[in-house]
Amino acid sequence: MNQRNSAIWVFADYRNYFQNRVTLQLLAKANELAPGLDAEVCAVVFGCETDEYVAEYIAHGAHKVLVVEHPNLKEYSVEKYTIIMEKFARAYEPEIILIGATSFGKEFAPRVAKRLDTGLTADCIGLEITADGNLLQIAPSFGGNLMAEIITPDHRPQMATVRPGTFQEFPHNDDMRGEVVRLKIPEKMPPDRLRLVAYERQPVRDQRLEEAKIVVCGGRGMGSKTKFKKLFELAGLLSGEVGATRPIVYAGWVDDETLIGQAGKHIKPRILFSFGISGAIQHTAALTDADFIIAVNKNPNATMMKMADVAVIADANQVCSALIKTLKERIQSKADYSN
Ligand SMILES: Cc1cc2nc3c(=O)[nH]c(=O)nc-3n(C[C@H](O)[C@H](O)[C@H](O)COP(=O)(O)OP(=O)(O)OC[C@H]3O[C@@H](n4cnc5c(N)ncnc54)[C@H](O)[C@@H]3O)c2cc1C
């Protein structure tokens, strides 16, 4: 291991590997940070039969992969993984540990930070190295009204979670080389207090919301669950994905994978349609990378209307229905023409 303690660890969350790219995004970011610390970038993999992922992490920028493999680690277990992470972090003293803010990461990271007696900044949207070698962790704070810049000068490791979609992954490169270090699972693992009864995969979307080129996003101004469903039809016609604001998710009109904002996903579409959304900072913080925004709202003074490239003062449902009708007619006329 690196004796200078200059390592940036990235916890490998490889569940649903091809959909969930956050580990690869963190590896790319860690590579950007590493020169400022003269550090190596390590992916930390716990599990069973992980060779395929280990190779992927090297191809995406890991200089080193620390692997702890054991049949008992086949299923992700927050308790076991916390114990293992603590043990090896104490032994090897990385400068920084980065963890994806996935459902698992959000449970796992605070436990590790507590055991290591260090700080943790959740849901970072920016990471930099300061002139004096600290990790500057930039995260929305006070309900998203402020961007906090946080450092952890007196404790190590410096820990942060980052939302999927915040950083860009490196392209896969088979020419990349990395060292693989295999570590033994600690001998004294406590008995499981949790038992996995069943594992059910959520239905997979056609594409990931974070990567969709067109996003159709709806808010409370859509009026009802039934009316909100029209957005799925519109998104389908545009080959896009549907996003929603928090009240919509809380009302149970859509699942929480659809949430866009500080507590949800950061998106970067070429075109964003925003229907009946006021534009609260907690929502708009996740729209900063959208290229072109078309907002529909009855209130011309809504923040969302002011930040839009095209602001349509109208009823969201009526505009949505009109767009669906027009698109269907266009598709139909194209089909007629080609026949
Ligand atoms: C800690 C914290 C975290 C949060 N995280 C998030 C987050 O991640 N994502 C998120 O979205 N929110 C989040 N919120 C909530 C956020 O503050 C707002 O409450 C929320 O974004 C508002 O959603 P909305 O725009 O759908 O609803 P509203 O604010 O109620 O706006 C509805 C809009 O629809 C318009 N409208 C009404 N009727 C029509 C119509 N018929 N046609 C057209 N327009 C119409 C209205 O003029 C209004 O502008 C968070 C809040 C807190 C405190």
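Scroll up to find the structure this text is about.
Because the structure is predicted, anything quoted here is derived from the model rather than measured. (Residues numbered from 1 in each chain as written. Predicted model: local features only at pLDDT ≥ 70, side-chain atom pairs only at ≥ 80, totals over all residues. Heavy atoms only, no water.)

In this structure the tally under the stated criterion is 19 salt bridges. One salt bridge in this structure joins E32 and K29, with 3.0 Å as the shortest N-O distance. In this pair, E32 and K29 both sit in helix α1 (residues 22-33), 3 residues apart, roughly one turn of the helix. Since its relative accessible area comes to 9%, K29 is described here as buried. One salt bridge in this structure joins R208 and E211, with 3.5 Å as the shortest N-O distance. The exposure class assigned to E211 is partly exposed, which follows from its relative accessible area of 35%. What emerges from the salt-bridge pattern is a single network uniting E40, K64 and E179. (Salt bridge = Lys/Arg side-chain N within 4 Å of Asp/Glu carboxyl O. Helix = DSSP H or I, 4+ residues; strand = E, 2+ residues; numbered from the N terminus. Buried < 20%, exposed > 50% of the residue type's maximum accessible area, 1.4 Å probe, protein only.)

Next up on the list: the packing of aromatic side chains. Enumeration over the complete set of coordinates arrives at 16 aromatic pairs. Plain terms: the ring middles of F11 and Y76 are 6.3 Å apart, the flat faces sit at 75° to each other, and that makes the pair edge-to-face. Placement of F11 in strand β1 (residues 7-11) and of Y76 in the loop between β3 (64-69) and α3 (78-92) is noted, with a sequence separation of 65 residues between them. For F11, a relative accessible area of 1% gives the class buried. A ring pair is formed by F11 and F108, whose centres lie 4.6 Å apart and whose planes are at 45°; its orientation type is tilted. Taken as a pair, F11 in strand β1 and F108 in helix α4 (residues 103-115) lie far apart in primary sequence, 97 residues in all. What links up through ring pairs into an aromatic cluster is the set F11, Y14, F46, Y53, Y76, Y81, F104 and F108. The ring of Y76 has R15 sitting right over it, with the charged end atom 5.0 Å from the ring centre. (Phe/Tyr/Trp six-rings, centres within 6.5 Å; stacked < 30°, edge-to-face > 60°. Lys NZ or Arg CZ within 6 Å of the ring centre and 35° of its normal.)

For the rest of this paragraph, the subject is the site of the ligand. Around the ligand sit 26 residues, and of these R220, T245, A263, S278 and N297 come closest. In this structure, an oxygen atom belonging to the ligand sits 3.1 Å away from a main-chain N or O atom of R246. In the environment of the ligand, a nitrogen atom lies 2.9 Å from a nitrogen or oxygen atom belonging to the backbone of A316. Computed on the free molecule, the ligand has an accessible area of 1,000 Å², of which 76% lies beneath the protein chains in the complex. In terms of residue class, the shell around the ligand is made up of 9 nonpolar, 13 polar and 4 charged. (Near = heavy atom within 4 Å. Polar contact = N/O pair within 3.5 Å; in protein donor to acceptor, adjacent residues only side chain to side chain. Areas by Shrake-Rupley, 256 points an atom, 1.4 Å probe, with all protein chains shown as cover. Nonpolar A, V, L, I, M, F, W, Y, C, P; charged D, E, K, R; others polar.)

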